[in-house]
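Chain by chain, the residues run as shown.
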Amino acid sequence: MSMIAAFYSNKSVLITGATGFLGKVLMEKLFRTSPHLKVIYILVRPKSGQTLQERVFQILNSKLFEKVKEVCPNVHEKIRPISADLNQRDFAISKEDMQELLSCTNIVFHCAATVRFDAHLREAVQLNVTATQQLLLMASQMPKLEAFIHISTAFSNCNLSHIDEVIYPCPVEPRKIIDSMEWLDDSIIDEITPKLIGDRPNTYTYTKALGEIVVQQESGNLNVAIVRPSIVGATWQEPFPGWVDNVNGPSGLIIATGKGFLRSIKATPMAVADVIPVDTVVNLTIAVGWYTAVHRPKSTLIYHSTSGNLNPCNWHKMGLHVLATMEKIPFESAFRRPNADFTTNNFTTQYWNAVSHRAPAIIYDFYLRLTGRKPRMLKLMNRLLRTISMLEYFINHSWEWSTNNTEMLLSELSPEDQRVFNFDVRQLNWLEYIENYVLGVKKYLLKEDLAGIPKAKQHLKRLRNIHYLFNTALFLIIWRLLIARSQMARNVWFFIVSFCYKFISYFRASSTLKV
């Protein structure tokens, strides 16, 4: 029997960020492996026109929870939504709800954060730093609390090439940053942001680093641990392969490539694509919760949930796998065929070309205007390019993360727990995983019918022909303009035509002699 699953039975768990990608998978796994779990409290931001219970049913109605409903039919009764806003003091939780949380909670999983790379520093500090500080204050008032698990990111210290399982200091104390956000206006914050984040690429990584320091400084006597996942991708095995419900990270790139919006991308081909399946992160997180509560380590342990040091896959290899899968499983209504040149530049240059093809988007928008519809393609293309520009830092660098604590924890698990809560990324087959990832994006994210694959393949063939025709016409137009303006271009053109004429004449003469 699983010791970890038994540990969570009859426990009351608080999950922040439960409506997010990682939070949903965490909640699903807890209920599926520990159906006798007492209750999961989830902090839910109020939404106009929808009650908290309706939000819960919306989550449970997704395919992700189908297996849970079989082993835990009353799962909806075990989810207790709490109206909360992480931007407000005390999260704007009512007195009655706060009292219940403080008196009943056994385990806290703090998953909530803003993952927007371009978030304003004030917003990023509020959600990633101040909210963590307030949650720790709440946790210190929970008499039954056994463990507090903080989900950070492996890129919180991405300004370093080698990252150990330690909390690194920042030049400015988090408390000073929190206090300054309360009285500085936006213009001053904008001015000091580059100086504060230093050699980090964005406010996300900077504020996640500050959040870790807050955990270290203000956890007091709590049993605390930090999990640092890298780029979180679709599920590997559980509850089924390929499940994903957001466009962050690789998912957005897969959609853009499959739909033909993304032709190429600037990246270092041999840089490690440190993608980690979401179920791997969740399994580690649940195991960390058990270990922290039962063994009570004397210091805050950090666990890296990364793949690069144990089972590396570079961006070149990943790109080839994605394109190979898309040839077999094309996306519907692709704007253009996925470019097979997505990675071929790897053999001749250090970087993939950063080429944006706005012209077809403009042409398509013109067509939409003619048919009386709202143009949207250029806006979508610009949004995609902004997203890619923010990802460029991460796909042009490689990092080394030490995983001593993660490997130690794996060795502490029984064979049954290693099976049920598998986070050994060395077992991951990248080709199989990426195939399931692409299929999952098509099926669960884009809601495309797999029965339409033959039709999509025909559509892809038409797009390929249109693509070649468009490029040929574009080349001829540009060359014609060059001939009209340049004597050298005319000389080259006449030489090519003359050479071709002589070659054809020679070929015909040779054929006549043979006959």
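Above: the structure in question.
Now for a look at the structure at hand. (Residues numbered from 1 in each chain as written. Predicted model: local features only at pLDDT ≥ 70, side-chain atom pairs only at ≥ 80, totals over all residues. Heavy atoms only, no water.)

## Here we look at a nonpolar patch on the surface
Taken together, the side chains of Met488, Val492, Phe495, Ile496, Phe499, Phe503 and Ile504 make up a nonpolar region of the molecular surface, amounting to roughly 740 Å² of accessible area. Overall, Ile504 belongs to the partly exposed group, its relative accessible area being 44%. (Patch = residues over 30% accessible without salt bridge, like charges linked within 9 Å, V, L, I, M, F, W, Y side chains within 5 Å. Areas by Shrake-Rupley, 256 points an atom, 1.4 Å probe, with all protein chains shown as cover. Salt bridge = Lys/Arg side-chain N within 4 Å of Asp/Glu carboxyl O. Buried < 20%, exposed > 50% of the residue type's maximum accessible area, 1.4 Å probe, protein only.)

## Some words on the packing of helix H11 (residues 278-295) against helix H15 (residues 404-412)
Taken N-terminus to C-terminus, the directions of H11 and H15 make an angle of 75°; their axes are 11 Å apart at the nearest point. As judged from the angle between their axes, H11 and H15 are roughly perpendicular. Of the residues in H15, those in contact with Leu284, Ala287, Val288, Trp290, Tyr291 and His295 of H11 are Thr406, Met408, Leu409 and Glu412. In terms of residue class, the contact of H11 with H15 is made up of seven nonpolar, two polar and one charged. (Axes fitted to C-alpha atoms, helices over the stretch in contact; angles between N-to-C directions. Helix = DSSP H or I, 4+ residues; strand = E, 2+ residues; numbered from the N terminus. Parallel < 35°, antiparallel > 145°, perpendicular 65-115°, else oblique. Contact = heavy atoms within 4.5 Å. Nonpolar A, V, L, I, M, F, W, Y, C, P; charged D, E, K, R; others polar.)

## Some words on empty space enclosed by the protein
Counted according to the given criterion, the structure contains four cavities of 30 Å³ or more. Taken together, 15 residues form the lining of the second largest cavity, with Leu310, Thr406, Phe423, Asp424 and Val425 sitting closest to its centre. Elements with a minimum of two residues in the lining of the second largest cavity: H11, strand E10 (301-305) and H15. Broken down by element, the lining of the second largest cavity gets its largest block of residues, three residues, from H15. The residue inventory of the lining of the second largest cavity, partitioned by class, reads six nonpolar, six polar and three charged. (1 Å grid on protein atoms, 1.4 Å probe; cavity = no way out; pocket = protein on both sides within 12 Å on 5 of 7 lines; lining within 4 Å. Points joined across faces, edges and corners; volume = space filled by probe spheres on them.)

## Structural notes on the layout of surface pockets
One number sums up the size of the second largest pocket: a volume of about 520 Å³. Considering the residues around the second largest pocket, the lining is formed by 23 residues, among which Arg89, Thr130, Gln133, Gln134 and Glu182 are closest to the centre. Looking at the lining of the second largest pocket, the elements that each hand over two or more residues are helix H5 (95-104), helix H6 (121-139) and helix H7 (174-183). Per element, the largest residue contribution to the lining of the second largest pocket is nine residues, and it comes from H6. A breakdown of the residues in the lining of the second largest pocket according to their chemical character gives eight nonpolar, eight polar and seven charged.

## Remarks on helix H2 (residues 21-33)
Over its 13 residues, H2 extends 19 Å from the first C-alpha to the last, a length consistent with the 18 Å expected when each residue adds 1.5 Å. Most of H2 is tucked away, with 13 of its 13 residues classed as buried. (Expected span 1.5 Å × (residues − 1).)

## Describing the pattern of salt bridges
With the rule as written, the count across this model stands at 16 salt bridges. Note that Arg426 is salt-bridged to Asp424, the shortest N-O span being 2.8 Å. Since its relative accessible area comes to 45%, Arg426 is described here as partly exposed. Judged by relative accessible area, Asp424 falls into the buried class, the value being 13%. Shared partners join several salt bridges into a network, and the residues in it are Glu28, Lys29, Arg32 and Glu238.

## Structural notes on the sheet that holds strand E2 (residues 39-44)
Read across the sheet, seven strands follow the order E3-E2-E1-E4-E5-E7-E10 without closing on themselves; strand pairing throughout is parallel. Each edge of the sheet is formed by a strand with only one pairing partner; in this case those strands are strand E3 (79-83) and E10. This sheet shows a mean twist of 20° between the axes of neighbouring strands, independent of strand direction. Here four bridges tie strand E1 (residues 12-16) to strand E4 (residues 107-110), and the two strands are oriented parallel to one another. Residue Leu14 lies in a different strand from E4, and its bridge partner there is Val108. On the sheet, H11 packs against E4, strand E5 (147-151), strand E7 (224-229) and E10 and is oriented at approximately 150° with respect to E5. (Pairing = 2+ DSSP bridges.)

## Topic: unusual backbone geometry
Pro239 follows Glu238 through a cis peptide bond whose omega is -10°. With respect to the helices and strands, Pro239 occurs in the loop between strand E8 (231-233) and helix H10 (250-258). Phi at Phe91 takes a positive value of approximately 60°, unusual for a residue other than glycine. Tracing the backbone through its elements, the reader meets Phe91 in the loop between E3 and H5. Its identity is not glycine, yet Arg296 carries a phi of approximately 45°, on the positive side.

## Looking at the packing of aromatic side chains
Across all of its chains, the model carries 16 aromatic pairs by this definition. For the ring pair Phe117 and Phe394, a centre distance of 5.2 Å and an interplane angle of 35° mean the geometry is tilted. Of this pair, Phe117 sits in the loop between E4 and H6 while Phe394 sits in helix H14 (residues 377-395); the two residues are 277 residues apart in sequence, bridging distant segments of the chain. Take Phe394: its relative accessible area is 5%, and that puts it in the buried class. Ring centres 5.1 Å apart and planes at 75° place the aromatic pair Phe155 and Phe394 in the edge-to-face group. In this pair, Phe155 sits in the loop between E5 and strand E6 (162-163) while Phe394 sits in helix H14, placing the two residues 239 residues apart along the sequence. The class for Phe155 is buried, based on a relative accessible area of 6%. Put simply, the rings of Phe117, Phe155, Tyr204, Tyr393, Phe394, Trp399 and Trp401 pair up and form one aromatic cluster. A cation over an aromatic ring shows up here: Lys11 above the ring of Phe7, its NZ or CZ 4.5 Å from the ring centre. (Phe/Tyr/Trp six-rings, centres within 6.5 Å; stacked < 30°, edge-to-face > 60°. Lys NZ or Arg CZ within 6 Å of the ring centre and 35° of its normal.)

## Topic: the nonpolar core
Counting residues in each nonpolar core, the largest one holds 97 residues, and the members touching the most others are Tyr8, Ile15, Leu30, Phe109 and Leu409. Discounting chain neighbours no more than four positions away, the residues touching Tyr8 are Val13, Leu30, Ser34, Leu37, Ile107, Phe109, Ile286, Gly289 and Trp290. Of all hydrophobic cores here, the second largest spans 45 residues; its members include Leu102, Val125, Val224 and Ile226. (Core = buried A, V, L, I, M, F, W, Y, C linked by side-chain atoms within 4.5 Å.)

## Describing the side chain of Glu146
With respect to the secondary-structure elements, Glu146 resides in the loop between H6 and E5. Aside from chain neighbours lying at most four places away, what touches Glu146 is Phe7, Lys11, Asn106, Ile107, Asn223, Thr292 and Ala293.

## A short note on the side chain of Arg228
Along the chain, Arg228 turns up in strand E7. In this structure the side chain of Arg228 is engaged in a polar contact, spanning 2.7 Å, whose partner is the backbone oxygen of Val166. (Polar contact = N/O pair within 3.5 Å; in protein donor to acceptor, adjacent residues only side chain to side chain.)

## A word on the pairing of E4
Burial along E4 is two-sided: the residues Ile107 and Phe109 and Val108 and His110 are all buried. Note: E4 against E5, four bridges, orientation parallel. Opposite Phe109, over in E5, you have Ile149 as the bridge partner.

## A word on the environment of Thr105
By the secondary structure assignment, Thr105 is in the loop between H5 and E4. The buried category is assigned to Thr105, whose relative accessible area is 0%. Measuring from C-alpha to C-alpha, the distance between Thr105 and Ala147 comes to 9.8 Å, with 42 residues separating the pair along the chain. If we skip the residues at most four places from it in the chain, Thr105 touches Ser12, Leu14, Tyr41, Glu100, Met142, Lys144 and Leu145. Here the side chain of Thr105 touches Leu101 through a polar contact of 2.7 Å, landing on its backbone oxygen.

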